[in-house]
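Architecture and fold: a report
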Amino acid sequence: GKRLLKNLGYTASGVVPNIGLEQEFFFVPRAAFARRMDLQLTGRTVMGKAPPRGQEMSDHYMAPPNQVALECMQAIQSECYKLGIPLRTRHREV
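Residues numbered from 1 in each chain as written. Predicted model: local features only at pLDDT ≥ 70, side-chain atom pairs only at ≥ 80, totals over all residues. Heavy atoms only, no water.

**Let's talk about the overall build of the protein**
Looking only at helices and strands, one finds 4 helices and 2 strands in the protein. Listed by position from the N terminus, the elements making up the protein come as α-α-α-β-α-β. Looking at the 94 residues of the protein, the share that counts as buried comes to 10%. For the protein, restricting intrachain contacts to residue pairs at least 6 apart in sequence, the fraction spanning at least 24 positions comes to 42%. In the structure as shown, the protein presents an accessible area of about 8800 Å², 57% of it carried by carbon and sulfur atoms. (Helix = DSSP H or I, 4+ residues; strand = E, 2+ residues; numbered from the N terminus. Buried < 20%, exposed > 50% of the residue type's maximum accessible area, 1.4 Å probe, protein only. Contact = heavy atoms within 4.5 Å. Areas by Shrake-Rupley, 256 points an atom, 1.4 Å probe, with all protein chains shown as cover.)

**Brief notes about the pattern of salt bridges**
By the definition in use, this model includes 2 salt bridges. Lys 82 is paired through a salt bridge with Glu 79; the nearest N and O atoms lie 3.0 Å apart. Placement of both Lys 82 and Glu 79 in helix α4 (residues 67-82) is noted, with a separation of 3 residues, approximately one turn of the helix. (Salt bridge = Lys/Arg side-chain N within 4 Å of Asp/Glu carboxyl O.)

**With respect to a nonpolar patch on the surface**
Residues Leu 4, Leu 8 and Tyr 10 make up a contiguous nonpolar surface patch of roughly 360 Å² in combined accessible area. Among the secondary structure elements, Leu 4 is positioned in helix α1 (residues 2-7). On the basis of relative accessible area, Leu 4 is assigned to the exposed category, the value being 53%. (Patch = residues over 30% accessible without salt bridge, like charges linked within 9 Å, V, L, I, M, F, W, Y side chains within 5 Å.)

**Observations concerning the confidence of the model for the protein**
In low-pLDDT segments, the atomic positions of the prediction should not be examined closely. When the pLDDT values of the protein are averaged, the result is 78; 72% of them are 70 or greater. Averaged pLDDT values over the elements of the protein bottom out at 68 in strand β2 (residues 92-93) and peak at 90 in helix α2 (residues 30-34). (pLDDT = per-residue confidence, 0-100.)

Here it is in structure tokens:
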């Protein structure tokens, strides 16, 4: 980082990396999980379908999380923060 900045003509005492990776996770109700063989066998979604209204790139289908999901997300966020992993975006896709 510092070496690159120096080569570009800048002086810096240090560099703080901040990566922009995104990892999504989904809360699946236990009854819905029981109906999904792909989730049970692999632990991940291997089947999917297109968004019902073609809104895959739109922010108009976001909603705030319900209270149970929010509490779980806050617990995950707290543990990740202890590991140095910032989690800032929370939303519910409807």
